[in-house]
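# What the coordinates show
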There are 2 protein chains.
Amino acid sequence: MTDARWLSAEQLSAWKKLIAVVELLPGTLESQLQRDSGLSHFEYFTLAMLSEAPDRTLRMTTLAAHTNATLARLSHVVSRLEKRGLVRREPCAEDRRATNAVLTPVGWTTVVAAAPGHVGTVRETVIDPLTAADVADLDRIMGRILDVLDPSHVMRGAAQNDG
Amino acid sequence: MTDARWLSAEQLSAWKKLIAVVELLPGTLESQLQRDSGLSHFEYFTLAMLSEAPDRTLRMTTLAAHTNATLARLSHVVSRLEKRGLVRREPCAEDRRATNAVLTPVGWTTVVAAAPGHVGTVRETVIDPLTAADVADLDRIMGRILDVLDPSHVMRGAAQNDG
DNA sequence: AGGAGATAGTTGTAGCGTCAAGTATTTGAT
DNA sequence: ATCAAATACTTGACGCTACAACTATCTCCT
């Protein structure tokens with residue numbers, strides 16, 4: 001390792017910092033949400049995606065795409081959220097293979113209560129330390145990486161809306 | 001949610017893309033390394049940090065900092081690597097509380113064999129889709145975020161060397 | 001109509017990370 | 001010299017995710 005043949009010094013530096021962020025950011029979000037709202041980041045994000053959907057309802061597959069998750073992972077998470085009364089499953093009328101996940105009233109009030117604190121953390125850790133130009137750069141760069149990680153843009157339900 | 005009061009459209013877009021990368025990138029690295037070398041990304045990174053160290057030896061605390069991990073996590077991982085003969089523990093002479101992790105010859109050949117494939121994946125997914133200017137932007141932006149996530153720069157053993 | 005193959009989702013298991021608790025050693029204050 | 005607090009690390013238990021296997025339904029071709 002320590003090898004210029006593979007990655008230039010600039011590339012290696014950027015890469016290692018990206019890895020560090022990838023390792024450290026989830027933990028930061030996780031602990032704030034867990035402490036203040038008893039939710040994991042993934043649970044919060046799942047509830048948030050449902051809260052934005054028409055009728056606060058989404059098919060499992062669509063919700064999986066919005067949350068960048070596999071169906072198996074989502075199924076487990078929705079089961080837990082269901083036990084806690086935050087989400088409800090109902091069979092889909094049009095396609096009987098499909099399941100709709102519906103945000104319950106309790107689920108709604110839970111996300112709404114959790115959101116300000118979470119957005120605050122996002123601001124503090126990511127948005128505020130960046131200039132407007134940085135944010136634009138970040139958007140462009142992450143977009144380019146996502147084009148490779150998810151070429152078909154299947155997992156971009158959440159990311160493509162606002163760009 | 002869907003709320004301009006909290007984050008501007010530009011900020012929200014960049015944020016969601018960053019989250020998507022944080023969710024998707026680990027899986028990509030993980031599967032290539034697992035498939036080709038039987039290592040998790042964290043295991044690979046741990047071996048790589050040891051391989052760069054003097055005498056291929058590092059104290060657990062230092063290694064934890066280099067890999068952005070907690071001591072508990074590292075301890076578990078080193079135990080597994082030790083069982084597989086890739087790493088060896090030895091008591092530290094100067095401080096008898098401390099443990100040194102040492103890369104074994106087998107560990108060395110394992111990282112060396114794994115490195116090209118891994119670097120290839122890193123190139124394909126992150127470096128190649130970016131211009132040189134993008135890489136510089138990425139380095140700067142991740143640096144700013146890390147200043148918040150890890151203000152004391154404890155977890156920057158790996159990231160600060162090459163910047 | 002009938003059947004192969006694709007799609008939608010669930011579930012069990014195994015592995016990894018976090019958290020809390022515990023041991024051993026060192027540091028620093030008195 | 002002594003003792004409290006800090007440091008370095010390990011361990012066990014629990015929760016979450018990935019993977020594989022499985023069921024149910026739908027699509028499309030003939």
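No experiment lies behind these values; they were computed from the predicted model shown.

Rules used throughout
Residues numbered from 1 in each chain as written. Chains lettered and ligands numbered in written order. Predicted model: local features only at pLDDT ≥ 70, side-chain atom pairs only at ≥ 80, totals over all residues. Least-squares fit on C-alpha atoms with pLDDT ≥ 70 in both. Contact = placed C-beta atoms within 7 Å. Pairing = 2+ DSSP bridges. Helix = DSSP H or I, 4+ residues; strand = E, 2+ residues; numbered from the N terminus. Axes fitted to C-alpha atoms, helices over the stretch in contact; angles between N-to-C directions. Left-handed = near helix turned anticlockwise from the far one by under 90°. Nonpolar A, V, L, I, M, F, W, Y, C, P; charged D, E, K, R; others polar. Near = placed C-beta within 6 Å. Buried ≥ 20, exposed ≤ 12 C-beta atoms within 10 Å, placed from the backbone. Domains from an automatic or database assignment. Expected span 1.5 Å × (residues − 1). pLDDT = per-residue confidence, 0-100.

### Section: the relation of the copies chain B and chain A
You can overlay chain B on chain A at an RMSD of 0.0 Å; the transform is a turn of 180 degrees with a shift of 0.0 Å along its axis. Expressed as an axis order, the relation between the two copies is that of a two-fold axis. Nearest to the rotation axis, the C-alpha of V22(B) is located 2.7 Å from it, this being the minimum over chain B. Residue by residue, 100% of the interface of chain B is reproduced at the interface of chain A, so both copies engage with the same surface.

### Digging into the sheet that holds strand 1 (residues 57-59) of chain B
All names here are of chain B. The strand order 1-3-2 describes an open sheet built from 3 strands, whose pairing is antiparallel. Single-partner strands in this sheet number two, and they are strand 1 and strand 2 (87-91). Shown here is a sheet whose adjacent strand axes are inclined to one another by a mean of 30 degrees, direction ignored. Note that strand 1 and strand 3 (residues 99-103) share 3 bridges and pair antiparallel. Paired with R59 across the two strands is N100, which belongs to strand 3. Sitting on the sheet, helix 4 (residues 71-83) is in contact with strand 2 and strand 3, with an inclination near 115 degrees to strand 2.

### Some thoughts on the pairing of strand 3 (residues 99-103) of chain A
Looking along a regular strand, one sees the side chains alternate between the two faces of the sheet. Here strand 2 (residues 87-91) of chain A runs beside strand 3 of chain A; their pairing, made up of 5 bridges, is antiparallel. Note that in strand 3 of chain A the partner of V87(A) across the bridge is L103(A).

### Regarding the packing of helix 6 (residues 132-149) of chain A against helix 1 (residues 9-37) of chain B
Packing of helix 6 of chain A against helix 1 of chain B leaves a shortest axis separation of 8 Å and a crossing angle of 35 degrees. Judged by the twist between their axes, the crossing of helix 6 of chain A over helix 1 of chain B is left-handed. Along the contact surface, helix 6 of chain A presents V135(A), A136(A), L138(A), D139(A), M142(A), G143(A), I145(A), L146(A) and L149(A), while helix 1 of chain B presents E10(B), Q11(B), S13(B), A14(B), K17(B), L18(B), A20(B), V21(B), L24(B), L25(B) and T28(B). Counted by class, the contact of helix 6 of chain A with helix 1 of chain B contains 13 nonpolar, 4 polar and 3 charged residues.

### A word on the protein's contact with DNA strand C
Residues in close proximity to DNA strand C total 25 residues, the closest being M60(A), T61(A), A72(A), S75(A) and R96(B). Put simply, the parts of the chain that give the surface near DNA strand C at least two residues each are helix 1 (9-37), helix 3 (60-66) and helix 4 (71-83) of chain A together with helix 4 of chain B. Residue classes in the surface near DNA strand C are distributed as 7 nonpolar, 10 polar and 8 charged.

### Section: unusual backbone geometry
Residue and element names in this part refer to chain A. One non-glycine residue, N68, lies in the positive phi region at around 55 degrees. Relative to the assigned elements, N68 resides in the loop between helix 3 and helix 4. The exposure class assigned to N68 is buried, which follows from the 26 C-beta atoms found within 10 Å.

### Points about the domain arrangement of chain A
Here chain A is described as being made up of domain 1 (11-123) and domain 2 (130-163). The C-alpha-based centres of domain 1 of chain A and domain 2 of chain A are spaced at 19 Å.

### Things to note about helix 6 of chain A
Helix length check: helix 6 of chain A, at 18 residues, gives a terminal C-alpha distance of 25 Å against a target of 26 Å (1.5 Å per residue), a fit within 8%. Taken together, the buried positions of helix 6 of chain A are V135(A), D137(A), L138(A), D139(A), I141(A), M142(A), I145(A), L146(A) and L149(A). Buried-residue contacts for helix 6 of chain A involve helix 1, helix 5 (105-127) and helix 6 (132-149) of chain B.

### Let's talk about the protein's contact with DNA strand D
R96(A), M60(B), T61(B), S75(B) and A98(B) are the nearest of the 25 residues found near DNA strand D. Going through the elements one at a time, helix 4 of chain A together with helix 1, helix 3 (60-66) and helix 4 of chain B are the ones with two or more residues in the surface near DNA strand D. By residue class, the composition of the surface near DNA strand D is 7 nonpolar, 10 polar and 8 charged.

### Thoughts on the interface of chain B and chain A
Each side of the interface is counted separately: chain B has 56 residues, and chain A has 57 residues. Residue assignment for the side of chain B that touches chain A shows that the elements contributing at least two residues are helix 1, helix 2 (41-52), helix 5 and helix 6 of chain B. Counting residues per element, the side of chain B that touches chain A draws most heavily on helix 1 of chain B, which supplies 18 residues. Across the side of chain B that touches chain A, the residue classes tally to 34 nonpolar, 9 polar and 13 charged.

### Some details on the sheet that holds strand 1 (residues 57-59) of chain A
Residue and element names in this part refer to chain A. If you trace the 3 strands from one edge of the open sheet to the other, you get 1-3-2, paired in antiparallel fashion. The sheet terminates laterally at strand 1 and strand 2, the two strands that pair on one side only. Adjacent strand axes in the sheet meet at a mean angle of 30 degrees when their direction is disregarded. Sitting on the sheet, helix 4 touches strand 2 and strand 3, and the angle it makes with strand 2 is about 115 degrees.

### Some remarks on the confidence of the model for chain A
When pLDDT is averaged along chain A, the result is 91; 90% of the residues meet or exceed 70. A low-confidence stretch, residues 159-163 of chain A (pLDDT under 50), is modelled with 11 contacts involving residues beyond four sequence positions or located in other chains.

### Thoughts on the environment of L18(B)
Here L18(B) is to be found in helix 1. A tally of 24 C-beta atoms within 10 Å means that L18(B) is categorised as buried. Aside from chain neighbours lying at most four places away, what touches L18(B) is V126(A), L138(A) and M142(A).

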